[in-house]
Amino acid sequence: MTKAETKILHLIAARGPDKTVCPSEVARLIASAPDWQPHMAEVHRAVDILVPQGAVRLSWKGQILPRREGPYR
C-alpha cells in the first residue's frame, strides 16, 4: 500500500462515515515542505486504486461520482 493510500484511509477512518477528505489535504500530509502540489498525482493514483476496491467513494457537492474526473472529495 502506498503512502497516499494509507493517508487517505487514515483520514477517512478518523473522520467517520459520510465525511469527506479533500485530495489536497492528503497531498499536504505527504509533503515534507509547503510545496504540496507535486504530490497531487500520487494522491490521484491512490484514489484510482482505492475506488475500484470499494475502499473509498468519490463525491462532489453531495453527488456520488463513479470515477475520478474533475473536482472530487
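Residues numbered from 1 in each chain as written. Predicted model: local features only at pLDDT ≥ 70, side-chain atom pairs only at ≥ 80, totals over all residues. Heavy atoms only, no water.

Undergrad: Any details on the overall build of the protein? Residues and values, ideally.
TA: Helix and strand counts for the protein stand at 3 helices and 2 strands. Counting helices and strands in the order they occur from the N terminus, the protein gives α-α-α-β-β. A compact globule built from 73 residues would reach a C-alpha radius of gyration of about 11 Å, and the protein, at 12 Å, matches this within 12%. In the protein, of all internal contacts separated by at least 6 residues, the share reaching a separation of at least 24 is 39%. Approximately 4,800 Å² of the protein is accessible, and the part contributed by carbon and sulfur atoms is 56%. The protein carries 11 positive and 7 negative side-chain charges, and their two centres are separated by 4 Å. (Helix = DSSP H or I, 4+ residues; strand = E, 2+ residues; numbered from the N terminus. Rg over C-alpha atoms; globule rule 2.2 N^0.38 Å. Contact = heavy atoms within 4.5 Å. Areas by Shrake-Rupley, 256 points an atom, 1.4 Å probe, with all protein chains shown as cover. Lys, Arg positive; Asp, Glu negative; His and termini not counted. Charge placed at Lys NZ, Arg CZ, Asp CG, Glu CD.)

Undergrad: So what about the pattern of salt bridges? Which residues, and what values?
TA: In this structure the tally under the stated criterion is 4 salt bridges. Close ionic contact of Glu-25 with Arg-15 constitutes a salt bridge, the shortest N to O distance being 2.4 Å. Taken together, the residues Glu-25 in helix H2 (residues 23-30) and Arg-15 in helix H1 (residues 3-15) connect sequence positions 10 residues apart. By relative accessible area, Arg-15 is classed as partly exposed at 35%. (Salt bridge = Lys/Arg side-chain N within 4 Å of Asp/Glu carboxyl O. Buried < 20%, exposed > 50% of the residue type's maximum accessible area, 1.4 Å probe, protein only.)

Undergrad: Break down the packing of aromatic side chains for me, with residues and values.
TA: Enumeration according to the criterion identifies 0 aromatic pairs in this entry. It is Arg-28 that lies over the ring of Trp-36; its NZ or CZ is 4.0 Å from the centre. (Phe/Tyr/Trp six-rings, centres within 6.5 Å; stacked < 30°, edge-to-face > 60°. Lys NZ or Arg CZ within 6 Å of the ring centre and 35° of its normal.)

Undergrad: Tell me what's going on with the confidence of the model for the protein, and back it up with residues and numbers.
TA: For the protein, the mean per-residue pLDDT works out to 94, and 100% of the residues sit at or above 70. Ranking the helices and strands of the protein by mean pLDDT puts helix H3 (residues 40-53) first, with 97, and strand S2 (residues 63-65) last, with 94. (pLDDT = per-residue confidence, 0-100.)

Undergrad: Give me H2: which residues, what numbers.
TA: Looking at H2, one finds that the buried residues are Pro-23, Ser-24, Val-26, Ala-27 and Ile-30. All buried residues of H2 project into a common sector of 155° when viewed along the axis, lining one side. Those residues of H2 that are buried lie in contact with H1 and H3. (Arc of directions from axis to C-beta.)

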